[in-house]
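Reading the structure
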Amino acid sequence: MYVNRASLAVHGWEREEEVIGEPFSTIWADHEGVERIREGTLRNGSWLGEMEARRRDGTTFPMQLALSVVTDESGRPLCMMASGIDITRRKQAEQELRIRDMAMASSSSGFTIADLEGRLTHVNQAFLSMWGYTSVSEVIGRSVTEFWQDEEEAEAALRALRETGRYTGERVGRRRDGATFYVIFSGNLVTNDTGAPICLAASLTDITGLKRAETEIQAHNRELSILNQIIGVSTSARDIGDALGGMLGATLALLDLRGGGIYLIEPGRQSARLVCVQNLPEDLLLPPCIPDITALPYAEVLVAGEPLFFDDHPRPRYPGEGSGTQHPYASIPIVAHERIIGALNVVLGDGNRFTGDDRSLLVAIGRAVGASVERTMLIRQFEMAEREANLYLDILSHDIRNAENISSLYTDILIDMLEGEAKGYAQKVRSSIRKSIEILRNVSTIRRIHHETATLAPVDLDRMIRDEISAFPEIRIHYDGTALAVMADPLLPEIFTNLIGNAVKFGGPEVEVTIGVEESADEVRISVEDTGPGVPDTMKEAVFMRFGQSRNRKSGQGLGLSITRMLVERYGGRIRVDDRVPGHPECGAAFRFTLKRAP
């Protein structure tokens, strides 16, 4: 075998001596294949094709090979001559092109190539499917502008693509059957190595589903906005009439409706009454009462709960509508908890029709109106029940307090008259009466805290404390007096009543109470200390909880100290319980609280 320098370089050899004399198969990867090719060449005189060559280091590469037989004058074969070129780069380019073709063919996005005039030269299967074609021959050669709904806009986009080299935007495509759909279009001007334009390439994605979702979201947001505004109108209404009038007016304004009215079904559910009406046409007179809601067409709305739209109804006129111009009219059931309670009737402007969005929104408004009516009725019922309960509580509190005061008076007389064991029983009766009085007072105080607005004003603290001390003549109370005033309201005495009463309750008749007052910046610090059993550290926070466990088993009411904290906080202060003697809770409790000093 003889080789030239180019062949040596291609196969990785350095000197001719390394190759000359070696078999022809040395430089090829497939020895058996080479032998078949050699025999075929000798037989046919030549061979042309691709072979897998082998370099000196054992690596292989593709080669384009041409073989021919050299003969003498008589035609007898003398040798075989071969010429070949390394086609590695060409094979790599072919592979890359094949991968790109497969990617384009399998892509879910449409892909097109067009000449500089805008005529299609290549499309993938996704493009055919997107536009409803079955064969490439149906589209090749046609102008790209033919596939868009607005061909003038498509021409403008094509010019922009040629002039700027790139164009991206949303367009409306036109399918083979004439149907339209939304496409996101991205085009590029393809150039050669010198920058000269070659063709136009574009990718296209169907975004119809996305646009539909956007439209649905916008419609939903609009519906929520309108419903919120309509519901907002009802929350400030004083009664059902005001609520319905406000919601009807808001519905007409927000939906740009001409007029309307609202019917509510009467309690017997046999008839319905027109409760409000606004801006109806002169030739459309709604009856003030529907005597039989089971009659047509009322039954469809007020019984079956089906919305009626008289712009496409078999009976084009609503009862009460004149024989003149027919008005686009809708009657929508007002529903509360799946129960029909009335109908919302609205009229469009002449020449208009209810769209699909209008219809679904009106149905939603019917439910919102129903929920609002029900809420307003519940609030009204609650307010009536609250007034009635307060009336009963006032009556009971007044009468029971009078009876207890009389009982307490006679009990005091008995205690003075009796001796020994009988006197002890009478004292127990008096204690029980006082507990009953305390419970009534606490209930009344809690009600006033929740129902009366705190209007704070200066209060003479000294006078108020001395009045409270006088209510406990049997208890030894130490108090030095004060000239300070605090910001409070008429409920302030309850704080001292509860704290002194708490000391008596747990310390007994021998307990001593000390009340201290001192000024601190813009606050007044007050303490009520007693010599009773005190409050353990583990109970110092729990004693202020309503119905919390008390510090011993003598009491379970748990309201007095809770009310005390509510009142202190009502006046902008703070309260805590300490040991009268620090570190010795058994030596008595010290309740300390602050109030705002009056200017």
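Since this is a predicted model, take the numbers as computed values, not measurements.

**Some points on the layout of surface pockets**
Counted as a void, the second largest pocket has a volume near 480 Å³. Lining the second largest pocket are 23 residues, and of these Tyr2, Val3, Ser7, Ala82 and Ser83 sit closest to its centre. Elements with a contribution of two residues or more to the lining of the second largest pocket: helix H1 (5-11), strand S2 (60-71) and strand S3 (77-86). It is S3 that contributes the most residues to the lining of the second largest pocket, eight residues altogether.

**Here we look at the packing of aromatic side chains**
Using the criterion set out here, one finds eleven aromatic pairs in the structure. Summarising the aromatic geometry, the rings of tryptophan 131 and phenylalanine 181 are spaced 5.1 Å apart at their centres and angled 75 degrees between planes, so their arrangement reads as edge-to-face. Linking tryptophan 131 in helix H4 (residues 125-131) with phenylalanine 181 in strand S7 (residues 180-191), this pair joins segments that are 50 residues apart in sequence. Each member of the pair, tryptophan 131 as well as phenylalanine 181, is classed as buried.

**A short note on the pattern of salt bridges**
Scanning all chains against the criterion turns up 27 salt bridges. For aspartate 462, the salt bridge goes to arginine 466, with nearest N and O atoms at 3.1 Å. Of this pair, aspartate 462 and arginine 466 both sit in helix H11 (residues 461-470), four residues apart, which is roughly one turn of the helix. For arginine 466, a relative accessible area of 42% translates into the label partly exposed.

**Quick look at the sheet that holds S2**
Pairing in this open sheet of three strands is antiparallel, and the strands run S1-S2-S3 from one edge to the other. Edge strands, defined here as strands with exactly one partner in the open sheet, are strand S1 (46-54) and S3. Adjacent strand axes in the sheet meet at a mean angle of 30 degrees, parallel and antiparallel pairs treated alike. Sheet topology places S1 next to S2; nine bridges connect them, and they run antiparallel.

**Some remarks on the environment of serine 135**
Counting through the fold element by element, serine 135 comes out in the loop between H4 and helix H5 (151-164). Between the alpha carbons of serine 135 and alanine 179 there is a distance of 19 Å; along the sequence they are 44 residues apart. A polar side-chain atom of serine 135 sits 2.8 Å from a polar atom in the side chain of serine 137.

**Some details on the environment of alanine 272**
Tracing the backbone shows alanine 272 in strand S10 (residues 272-278). What makes alanine 272 buried here is its relative accessible area of 0%. Along the primary structure alanine 272 and alanine 253 are separated by 19 residues, whereas in three dimensions their C-alpha atoms are 25 Å apart. Ignoring anything within four residues of it in the chain, the contact list for alanine 272 reads Tyr263, Leu264, Ile265, Glu266, Pro288, Cys289, Ile290, Ile293 and Leu302.

**Details of the sheet that holds strand S13 (residues 329-336)**
Here six strands make up an open sheet; going across it, the order is S11-S10-S9-S14-S13-S12 and the pairing antiparallel. The open sheet has two free edges, formed respectively by strand S11 (289-290) and strand S12 (308-309), since each of these has just one partner strand. With respect to the sheet, helix H7 (residues 240-254) is in contact with strand S9 (259-265), S10 and strand S14 (339-347), its orientation differing from that of S10 by roughly 50 degrees.

**What about the packing of helix H12 (residues 493-507) against helix H13 (residues 560-570)?**
At a minimum axis distance of 9 Å, the contact between H12 and H13 shows a crossing angle of 150 degrees. The orientation of H12 with respect to H13, classified from their angle, is roughly antiparallel. The hand of the H12/H13 crossing is left-handed. Across from Glu494, Ile495, Asn498, Leu499 and Asn502 in H12, the residues of H13 making contact are Gly560, Leu561, Ile563, Thr564, Leu567 and Val568. In terms of residue class, the contact of H12 with H13 is built from six nonpolar, four polar and one charged.

**Considerations on the nonpolar core**
In this structure, Leu461, Leu492, Ile495, Phe496, Ile515 and Phe593 are the most contacted members of the largest nonpolar core, which totals 44 residues. Ignoring sequence-local partners within four residues, the contact set of isoleucine 515 consists of Ile465, Ile469, Ile477, His478, Tyr479, Phe496, Ile500, Ser527 and Val528. Ile226, Leu244, Ala330 and Val369 belong to the second-largest nonpolar core, a separate cluster that totals 32 residues.

**Here we look at the pairing of S2**
The side chains of a regular strand alternate, first on one face of the sheet and then on the other. In this antiparallel pair of consecutive strands, S1 and S2, the connection spans five residues, and glycine 58 shows a positive phi of 95 degrees. The sheet contact formed by S2 and S3 spans nine bridges and is antiparallel. In the strand pairing of S3, serine 68 is matched with methionine 81. Joining the antiparallel neighbours S2 and S3 is a turn of five residues, in which glycine 75 adopts a positive phi near 90 degrees.

Cut-off values and rules
Residues numbered from 1 in each chain as written. Predicted model: local features only at pLDDT ≥ 70, side-chain atom pairs only at ≥ 80, totals over all residues. Heavy atoms only, no water. 1 Å grid on protein atoms, 1.4 Å probe; cavity = no way out; pocket = protein on both sides within 12 Å on 5 of 7 lines; lining within 4 Å. Points joined across faces, edges and corners; volume = space filled by probe spheres on them. Helix = DSSP H or I, 4+ residues; strand = E, 2+ residues; numbered from the N terminus. Phe/Tyr/Trp six-rings, centres within 6.5 Å; stacked < 30°, edge-to-face > 60°. Buried < 20%, exposed > 50% of the residue type's maximum accessible area, 1.4 Å probe, protein only. Salt bridge = Lys/Arg side-chain N within 4 Å of Asp/Glu carboxyl O. Pairing = 2+ DSSP bridges. Axes fitted to C-alpha atoms, helices over the stretch in contact; angles between N-to-C directions. Polar contact = N/O pair within 3.5 Å; in protein donor to acceptor, adjacent residues only side chain to side chain. Contact = heavy atoms within 4.5 Å. Parallel < 35°, antiparallel > 145°, perpendicular 65-115°, else oblique. Left-handed = near helix turned anticlockwise from the far one by under 90°. Nonpolar A, V, L, I, M, F, W, Y, C, P; charged D, E, K, R; others polar. Core = buried A, V, L, I, M, F, W, Y, C linked by side-chain atoms within 4.5 Å.

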